[in-house]
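A structural walkthrough
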Amino acid sequence: MGHQRNLASTATGAILLLSVLLRAAAAQSPSFTVHNADGRFPEFIAAGQTLSAKVTAVSLSAARQMAIRLNGKDVTAFFKPGSDSRTFTAALPDLKTGRNILEVFPTKVSRVSVARLVISTATGPQAACAELISKTVTLSPSDRVVIESAAPAAATQDLPAHCIVRGYANPHDGVKNSHFAIGFEVRLPDAWSGRFLFQGGGGNDGSVSNVVGANTGARGSPPALARGFAVAATDGGHNGRTAESFGFDQQARIDHAWNAYGKTVLIARALMTLYYGRGPDKSYVIGCSGGGRHAMMFSQRFPELFDGVVACAPAMRVASGATISAAWESKLYQAIAPIGADGAPVLSKAFSNEDLTLVSQAILKTCDGLDGAVDGEIDNHAACKFDPKVLECSGAKTAACLTHAQVTALADGFAGPHNSAGTPLYSAWPWDAGIADAGWRSWKIGSSPSARPNSAFVSLMQDALDNEFLTPARPGFSIFQFDFDRDPAAMEAESALYDAYRDDKLTAFKGHGGKLLFFHGMSDPIFSPYDTMDYYNRLAKNNGGLGETRKWARAFFIPGMTHCSGGPSNDVFDGLSAIIAWVENEVAPDRITSSGRAFPGRTRPLCAYPSQAHYSGTGNVEDAAGFVCQ
Ligand SMILES: [Ca+2]
């Protein structure tokens, strides 16, 4: 334990030093801020051409000298000071249709702005929605695009009036008398902000639903379509929710791996040009899980199509590592599961809910306070060293302890898979409070009372492994038969097509000026946040270090959050506003306020990795204001 503590304190020391350096860099706080004062959204005025602008200067002397320009024209005289003489407001009429830039300059002769706001007014369609069905979308001589329907949708309480276009591209007859095509849906709002969002899919894809551009931490947050975005999504090139429905066809595999996403974006861009008379000013992608993989795929295979990429819990290493871990953990937990009525082990009973609550409480006891607040959330993961051995029964199993077999299986499971030579085949997993959450159980061991497991590892991941990730496919192969020496090699062919963890430079995306945000729950049971952390660290190493990389890529880790949302966490946060502000106003996100149902009334900052939220010791512990990112 002494040795472990030394390691922990060394790691903590390194991180503290790093955060001091980062804070020094961030200490040059902006002299001015500029906002859209009464808009529903910071970046878009859906009706009218008038901007209620608010400019705040850090000091009176700064305020006296500043100059404010709208689209290059001096509008300083429009601004009236508030009672503090540092805050100025103006109603600026006659904005242009489309993109307007309001900038603050330190003096009248300055040429470089110190704060800016890109604000768009609505662009309307140049054609009737239904007319789009008769239009031709041409991508290349070898592509065939069919528009099946184009129909207007009236405004609702949550969504503005828009045009829904559905169709498919590149139909082909596959093997086994199958038929495939790249299905797509594009929604075009009547009042368009000039922005585009690709909505990432999930699971095995195979359908298109609710194409509204769900935000990160979606609960309660308006989707992109409501903010004036055109939004597109695809079924990934097949119709059917299982890998069994398409994995036997090579073109369908390629479409699902990456091709369907690129084609769909090009189709969406063509439709925007047909409908509004021009393409998008800025393009974004947001997705979680499989959709996070899509987001990263764009950063690598279509690096110039997007300005902002938001990858949540990305399935970047799923055709290899994460699925190997699913096999590894399923085997470990099944091996200790009690035998059921039919003489076979019952996977879900490897750990009772009470057992997992015991583990969660022990982890919290060890690590909760390391961030300055005993609040059920572990922000200082870097210093959290937990050994499940502390829970091992000294005698018979009771409600207050775990058996030796349970402790060993958990320790081996959390260490991550390896082959017989000891070579790691995926990341380890962090010890975190979400282990007792239903979202953790559903992936790892499920809830089936019989010897037929219903965990997502055995249902979803086994299907993907057998029919898509193994080459050639092995329909009917049991994940419990996975051989950690022999079988990983059989996943390499598909992994090279499908996984997005190998390109850890992103040279073209960075060169294009792209901005990248990661969000990942620390209790994610299917994609380890350590894998995303490892990717980010490699990205930094290949791009001149953390300081340089933070200029265009940042990562946020959410304590307690299971897969994409849920868990004892603050899983509601507005990643869309963060990426827009970064791409268009050059405001990099240092801390993003989060909240969640798990802790009613509580707010917390999400801090840009490697900094972490730490309670300052003063102020309401339920309020993000009492926390610093360090
Ligand atoms: Ca805490």
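Procedures and definitions
Residues numbered from 1 in each chain as written. Predicted model: local features only at pLDDT ≥ 70, side-chain atom pairs only at ≥ 80, totals over all residues. Pairing = 2+ DSSP bridges. Helix = DSSP H or I, 4+ residues; strand = E, 2+ residues; numbered from the N terminus. Domains from an automatic or database assignment. Contact = placed C-beta atoms within 7 Å. Axes fitted to C-alpha atoms, helices over the stretch in contact; angles between N-to-C directions. Parallel < 35°, antiparallel > 145°, perpendicular 65-115°, else oblique. Nonpolar A, V, L, I, M, F, W, Y, C, P; charged D, E, K, R; others polar. Core = buried A, V, L, I, M, F, W, Y, C linked by C-beta atoms within 7 Å. Buried ≥ 20, exposed ≤ 12 C-beta atoms within 10 Å, placed from the backbone.

This part is about the sheet that holds strand S1 (residues 32–36). One open sheet accounts for four strands, arranged S1-S3-S7-S6; its pairing is antiparallel. Since the sheet does not close on itself, it has two edges, and those belong to S1 and strand S6 (80–81), each with one partner. The sheet contact formed by S6 and strand S7 (residues 87–92) spans two bridges and is antiparallel. Bridge pairing in S7 places Pro81 opposite Phe88.

Before going further, it helps to spend a moment on the domain arrangement of the protein. For the protein, the assigned domains read domain 1 (32–121), domain 2 (124–278) and domain 3 (321–351 + 385–429 + 445–497). Summarising the inter-unit geometry, the C-alpha centres of domain 1 and domain 2 are found 36 Å apart. Of the residues lining the interface, eight residues belong to domain 1; the matching set on domain 2 comes to six residues.

Let us now look at the packing of helix H3 (residues 250–276) against helix H4 (residues 290–301). Between two packed helices, the angle of one axis relative to the other and the distance separating the axes together describe the packing. One way to put it is that H3 packs onto H4 with a least axis distance of 10 Å and a crossing angle of 75°. Classified by the interaxial angle, the pair formed by H3 and H4 is roughly perpendicular. Where H3 abuts H4, its residues Trp258, Tyr261 and Gly262 lie against His294, Met297, Phe298 and Arg301. For the contact of H3 with H4, the class distribution of residues is four nonpolar, two polar and one charged.

In this section: the nonpolar core. Grouped together as the largest cluster of nonpolar side chains are 149 residues, with contacts concentrated most on Leu271, Val285 and Phe556. The element best represented in this core is H3, accounting for 12 residues. Taken domain by domain, this core gets at least three of its residues from each of domain 2 (124–278) and domain 3 (321–351 + 385–429 + 445–497). In this structure, Val285 is in contact with Leu197, Phe198, Gly200, His294, Ala295, Phe298, Phe306, Val309 and Val310, ignoring residues within four places of it in sequence. Val34, Ile45, Ala57 and Val118 belong to the second largest nonpolar core, which has 21 residues in total.

Before going further, it helps to spend a moment on the sheet that holds strand S9 (residues 115–121). Judged by pairing direction, the sheet is mixed, and its five strands sit side by side in the order S2-S9-S8-S4-S5 without closing on themselves. For this open sheet the edge positions go to strand S2 (44–45) and strand S5 (73–74), each flanked by a neighbour on one side alone. Bridge analysis of S2 against S9 gives two bridges, and the strand direction is parallel. When the sheet's bridge partners are listed, Ile45 is paired in S9 with Thr121.

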